[in-house]
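Close look at the chain arrangement
Chain by chain, the residues run as shown.
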Amino acid sequence: GVTVLNSAPVLISLSLTPENASSLDDLSYSLNVSDTDGDTPFVTSIVWFQDSSPAYVTGEILPAEQTSIGEVWSVELRIEDGQGGTSTFMSEQMEIENLNPVVSISVLPGQAWAGVELTLSGLDSLDPDGMIRAWYWNVNGSEYEGSEITVGPFASPVSATLTVIDDEASQSSVTILLAQETAPQISGFSVTNSGSEVSLSWTESQGVNVTYKIFRSFTEITADSGYTSLEFVEEVNTTSW
């Protein structure tokens, strides 16, 4: 006599998806099994493992909020064919990856003019899965640190590179050109006073839409003192104040 036995499901492939998952991704799996005697296999148990230990998380999806950068995950599946055939398969491990930060530089004035001081800001940079811990600048060969810096004025175009580092020590960089355009020049600047009131007027010679910052000083301005001691008063978009 011959006893016809049932064959258990056979694994063709089992992998975690998406590949190179981050802590922002829900984890799932891709399964391909076969059954020699034509039964239809189905999943009866799903257990997720963290660092080779059962995490007591079950279900088709492992939610992103339950994973963290650097953790190693795998999934164990129990497969049955409805005829008493049972197989258990374990996927390969996947490490939750850190996403690189995204670098952004903003420049004020926005035209990045030559001949004027420029404020560079990296505050719009972001880290999708963490925090940015440091901002490092290289402007025309000079090194700076901080989320915002003031540089210049520059007489000709120079390059500025910002490198940001996140809380997992991953970094990204971007380079832009500064001082590509000449700043607008005013002419016909005049000052009049009547009693305690001082009036300023000027002509904008380049015909572009710009704003003007009014500063004042309580001491004489010399070539040596520069403009660092000036006190900001107001910003206007007209040619008088």
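In this report, we go over the structure that sits alongside the text. (Residues numbered from 1 in each chain as written. Predicted model: local features only at pLDDT ≥ 70, side-chain atom pairs only at ≥ 80, totals over all residues. Heavy atoms only, no water.)

1. Observations concerning the overall build of the protein
Note the cut-off: Under the DSSP-based scheme used, a helix requires at least four consecutive residues in state H or I and a strand at least two consecutive residues in state E, with every element numbered from the N terminus. Three labels apply to residues, based on accessible area from a 1.4 Å probe with only protein chains included: buried if under 20% of the type maximum, exposed if over 50%, partly exposed otherwise in between. The contact criterion used is simple: two residues touch if any of their non-hydrogen atoms lie within 4.5 Å. For every accessible area listed, the method is Shrake-Rupley and the probe measures 1.4 Å; residues are considered covered only by the protein chains on display.
Along the backbone of the protein there are 0 helices and 20 strands. Seen through its C-alpha atoms, the protein measures out along the principal axes to roughly 120 × 35 × 30 Å. Looking at the protein residue by residue over its 241 residues, the buried ones come to 32%. For the protein, the share of sequence-separated contacts (at least 6 apart) that also reach a separation of at least 24 residues comes to 54%. Here the protein displays about 14,500 Å² of accessible surface, and carbon together with sulfur accounts for 48% of that area.

2. A few points about the nonpolar core
Threshold: Residues belong to one nonpolar core when they are buried, are Ala, Val, Leu, Ile, Met, Phe, Trp, Tyr or Cys, and are joined through side-chain atoms within 4.5 Å.
Counting 20 residues, the largest nonpolar core has L120, W137, V139, V151, F154 and L178 as the members making the most contacts within it. Within the residue set of this core, elements represented by two or more residues are β10 (118-121), β11 (132-139), β13 (148-151) and β14 (158-166). The contacts of L120, once residues within four sequence positions are left out, are S106, V107, W137, V139, S147, E148, I149, V151, A160 and L178. By size, the runner-up hydrophobic cluster in this structure holds 17 residues, among which are A21, V57, L62 and L77.

3. What about the environment of L200?
Inspection of the secondary structure puts L200 in strand β18 (residues 197-204). A relative accessible area of 14% places L200 in the buried class. In this structure, the C-alpha to C-alpha distance between L200 and F189, residues 11 residues apart in sequence, is 7.3 Å.

4. As for the sheet that holds strand β8 (residues 106-108)
The line we're drawing: When DSSP finds two or more bridges between a pair of strands, those strands are recorded as paired. To get an axis, a line is fitted to the C-alpha atoms, and for a helix only the part in contact is used. The angle between two axes follows their N-to-C directions and goes from 0 to 180 degrees.
Taken together, 3 strands build an open sheet; the order of strands is β8-β10-β13 and the sheet is antiparallel. Only two strands of the sheet have a single partner each, and these edge strands are β8 and β13. Looking at each pair of strands side by side, their axes are set apart by 20 degrees on average, direction ignored.

5. Points about a nonpolar patch on the surface
Condition: Here a patch means residues that are over 30% exposed by relative accessible area and free of salt bridges, tied together within 9 Å if like-charged and within 5 Å if nonpolar (Val, Leu, Ile, Met, Phe, Trp, Tyr). Criterion for a salt bridge: a side-chain nitrogen of Lys or Arg within 4 Å of a carboxyl oxygen of Asp or Glu.
On the surface, I186, F189, V191 and V198 cluster together to form a nonpolar patch covering roughly 370 Å² of accessible area. The element best represented in the nonpolar patch is strand β17 (residues 186-194), accounting for 3 residues. On the secondary structure map, F189 appears in strand β17.

6. Considerations on the sheet that holds strand β12 (residues 142-145)
Strand order across the open sheet formed by 4 strands is β12-β11-β14-β15, with antiparallel pairing between neighbours. In this open sheet, the two edge strands, each paired with only one partner strand, are β12 and β15 (171-178). Averaged over all pairs of adjacent strands, the angle between strand axes in this sheet comes to 20 degrees, irrespective of strand direction. Pairing between β14 and β15: 8 bridges, direction antiparallel. By the bridge assignment for β15, I165 is matched with Q171.

7. A few points about the packing of aromatic side chains
The line we're drawing: Whether two aromatic rings pair depends on their centres lying within 6.5 Å, for rings of Phe, Tyr and Trp, where Trp uses its six-membered ring; planes under 30 degrees apart make the pair stacked, over 60 edge-to-face, and the rest tilted.
Taken as a whole and judged by the stated rule, the model has 2 aromatic pairs. Here W202 and Y212 contribute two aromatic rings whose centre-to-centre distance is 5.3 Å and whose plane-to-plane angle is 65 degrees, an arrangement assigned as edge-to-face. Taken together, the residues span a long stretch of sequence, with W202 in strand β18 and Y212 in strand β19 (residues 212-216) at a distance of 10 residues. Arranged with centres 5.5 Å apart and planes meeting at 65 degrees, the rings of F215 and F232 form a pair that is edge-to-face. Note that F215 is positioned in strand β19 and F232 in strand β20 (residues 231-236), a separation of 17 residues in sequence. You can call F215 partly exposed: its relative accessible area is 42%.

8. Things to note about the pattern of salt bridges
One pass over the full model with this rule turns up 2 salt bridges. Measuring nitrogen to oxygen at the nearest pair gives 3.4 Å for the salt bridge that ties E80 to R78. The class for R78 is partly exposed, based on a relative accessible area of 36%. A salt bridge links R216 to E231; the shortest N-O distance between them is 3.0 Å. In this pair, R216 is assigned in strand β19 and E231 in strand β20, connecting sequence segments 15 residues apart. On the basis of relative accessibility, which here comes to 33%, the residue E231 falls in the partly exposed class.

9. Thoughts on the environment of F189
In this structure the C-alpha to C-alpha distance between F189 and L11, which are 178 residues apart in sequence, comes to 84 Å. The contact partners of F189, leaving out residues within four places of it in the chain, are L200, S201 and W202.

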